[in-house]
Amino acid sequence: MSTEEELKQERVSKAEKLRALGVDPYGGRYPDVMSTDSVRERADGLNLAAGDMAEGERARVAGRIVLQRVMGNLVFLTIRDAAGDLQFGLSKKLLKDHWPAIKLLDLGDFVGGDGCLGLTKTGELTLWADDFKMLCKALHPPPEKWHGLSDVELRYRHRYVDLFSNPEVRAVFQRRSAIIQAVRDYLISCGYIEVETPALQPIYGGAAARPFTTHHNTLDMDLFLRISPELYLKRLLVGGMERVFEVSRNFRNEGLSTKHNPEFTMVELYEAYADYNVMMERVEGMTALAIERLDGKFKRPYGEVELDYTVPWSRRKYGDLLEEFASVRMTDVDAVRKKADELGIEHGGMADAVVINEVFERTVEHHLIQPTFVYDYPAAVCPLTRRHPEDPSVALRFEAFVNGMELGNAYTELNDPRVQEENFKQQLSGQGETMAIMDEDFILSLEYGMPPAGGLGVGLDRLVMLLTDSKSIRDVILFPLQRPK
RNA sequence: GGGGGCGUAGCUCAGUCGGUAGAGCAUCGGCCUUUUAAGCCGCCGGUCGCAGGUUCGAGUCCUGCCGCCCUCACCA
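Basis of the calculations
- Residues numbered from 1 in each chain as written.
- Chains lettered and ligands numbered in written order.
- Predicted model: local features only at pLDDT ≥ 70, side-chain atom pairs only at ≥ 80, totals over all residues.
- Heavy atoms only, no water.
- Helix = DSSP H or I, 4+ residues; strand = E, 2+ residues; numbered from the N terminus.
- Buried < 20%, exposed > 50% of the residue type's maximum accessible area, 1.4 Å probe, protein only.
- Contact = heavy atoms within 4.5 Å.
- Areas by Shrake-Rupley, 256 points an atom, 1.4 Å probe, with all protein chains shown as cover.
- Near = heavy atom within 4 Å.
- Polar contact = N/O pair within 3.5 Å; in protein donor to acceptor, adjacent residues only side chain to side chain.
- Nonpolar A, V, L, I, M, F, W, Y, C, P; charged D, E, K, R; others polar.
- Salt bridge = Lys/Arg side-chain N within 4 Å of Asp/Glu carboxyl O.
- Pairing = 2+ DSSP bridges.

A separate point is the overall build of chain A. Secondary structure assignment for chain A yields 14 helices and 19 strands. Its C-alpha atoms give chain A principal-axis dimensions of roughly 85 × 55 × 50 Å. Looking at the 485 residues of chain A, the share that counts as buried comes to 49%. Here the contacts in chain A between residues at least 6 apart in sequence split such that 66% fall between residues at least 24 apart. As presented, chain A carries roughly 23,300 Å² of accessible surface, and 51% of it is formed by carbon and sulfur atoms.

In structure tokens:
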């Protein structure tokens, strides 16, 4: 009895035996359960000594059986709920009527128990059940009890198994929730309101990426899954919503990596009458609140390095970094192209600004380990950004880098409709055209007048990676894309 | 797409030079009322990712394919 099918059949027949005993193997309502952590909290106040049973201190707990120790007429179960683990003590003496059903328990089943709290003689907090309910028969055995599920492919394909057998995985997603909640709370405290804009868009824009295409049957029209919410959020600035943010699932039809998933989550925000300097403070502020909610540690390990998120983060000019690490001036196009040759970059058909950016990515980015804002980008790669008032070849844009990875991207927003229209019309060779697709309604909105503003997008999956010391974006996305087997 | 690695029982993993497929956990049977990965005794469980090839003989060597991981490229 040990192939996968035989193991399952064994459990199916146990479910039938339970029914024959008059026990529903799939339970039903089980009200007034306490979480295991609140049970522990209560037990702490009882000053129990090892071996004590606290008469009258009753509790009801439900969860999944993750360990089982059977000693004839005494059974210890380790029960896991959302908060943690708790030991059940089941004795034939207290549970005579239930005993035939208890003999049919397996690892992985959900059960509920009701009884008095106590400590065993080794001091383990135990719920000594005098009432018991079968809540769900599991038909598949859980993974090995010590190592859990460690096969990476199975972990992603059967994330539900990963989650219940590897508590540290569940902890990462609890922290993810806390981080995103902190981001929301921070922005709300700054006077922002949360909005929702279309994920299905007739024209895609706001970023440079290939989209996923779909089709609406009734309207018989192609639609794109958004690569960015930018152009819609800016329309809200036109409409008089002065501080808006969206937690936006974006979709980009590009490659997969430890830092890229085809669908990913950003927080994108726009603030009227601000600029990109204010946006730097927003990045610092949301990160700081997230860290405080987690553990308050601003110096945190990430792999082999220690990252220091203490505010303020370093602010470095794009051109200065290019000189420091590539030894070329942004303005010296010949030198930049020569450097590109040295790096083996095929730059024949590329616009100057694109070549500069290629050189920057290859020479500078991997040096940006500690949290750093890089500001004032070559204007030609920033079609949605306001130009520097003293140097129109530079755009008022920054990117936030941590551990060599882009965490966020922000602009002092372009609100001149004529300049925006020109930028849309301009073809950026070697850059793809996605950022430069004409959106006439967006131009129309700018013609009605958009207040000067700062705008920012922060990759929340990446923020969660950094703050939870996760090496891959798949470790912070519950169901990362996998090819069907 | 390029390069590298991995794929053996339900799970976690061994498998030497090419010579009968192994362990632990789980399951199943037995003992057991204070265990903590409970313990002890006994049994069952395999298309070695798939398909070919070389060989007297392939988990092992070769080729192709599938899946996953890492990395580079792409994706600012």
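Around RNA strand B, the surrounding shell holds 55 residues, and the nearest of these are K121, T122, E153, A208 and R483. Each atom of RNA strand B within 4 Å of the protein was classed as base or backbone; sugar and phosphate made up 61%. The contact in question runs from a base nitrogen of RNA strand B to an N or O atom on the side chain of E124, over 3.5 Å. One of the backbone N or O atoms of E144 is found 2.8 Å from a sugar or linking oxygen in RNA strand B. Of all the secondary-structure elements, those providing two or more residues to the surface near RNA strand B are α1 (4-20), β1 (53-71), β2 (74-80), α4 (152-157), α11 (352-363) and β18 (405-412). The residue inventory of the surface near RNA strand B, partitioned by class, reads 20 nonpolar, 15 polar and 20 charged.

Time to look at unusual backbone geometry. Each neighbour pair has its own omega, and for V311 with P312 the value is 0°, a cis peptide bond. Looking at the element boundaries, P312 is found in the loop between β13 (305-308) and β14 (314-317). For D376, which is not glycine, the phi torsion reads 70° and is therefore positive. Here the phi dihedral of N403 falls at roughly 55°; this positive angle occurs in a residue that is not glycine. Within the element layout of this structure, N403 appears in the loop between β17 (391-402) and β18. Using a relative accessible area of 24% as the deciding quantity, one classes N403 as partly exposed.

Attention now moves to the pattern of salt bridges. For the structure shown, the criterion picks out 34 salt bridges. Between E263 and R249 there is a salt bridge, and its shortest N-O distance comes to 2.5 Å. One end of the pair, E263, is in strand β11 (residues 263-272); the other, R249, is in strand β10 (residues 243-251), and 14 residues separate them in sequence. Accessibility expressed as a relative area gives 33% for E263, which makes it partly exposed.

Another aspect to go through is the sheet that holds strand β9 (residues 221-225). On the basis of which strands lie adjacent, the open sheet formed by three strands has the order β7-β9-β8 and antiparallel pairing. Every other strand in the sheet has two partners, leaving β7 (200-201) and β8 (213-216) as the edge strands with one partner each. Sheet topology places β7 next to β9; two bridges connect them, and they run antiparallel. By the bridge assignment for β9, L200 is matched with L225.

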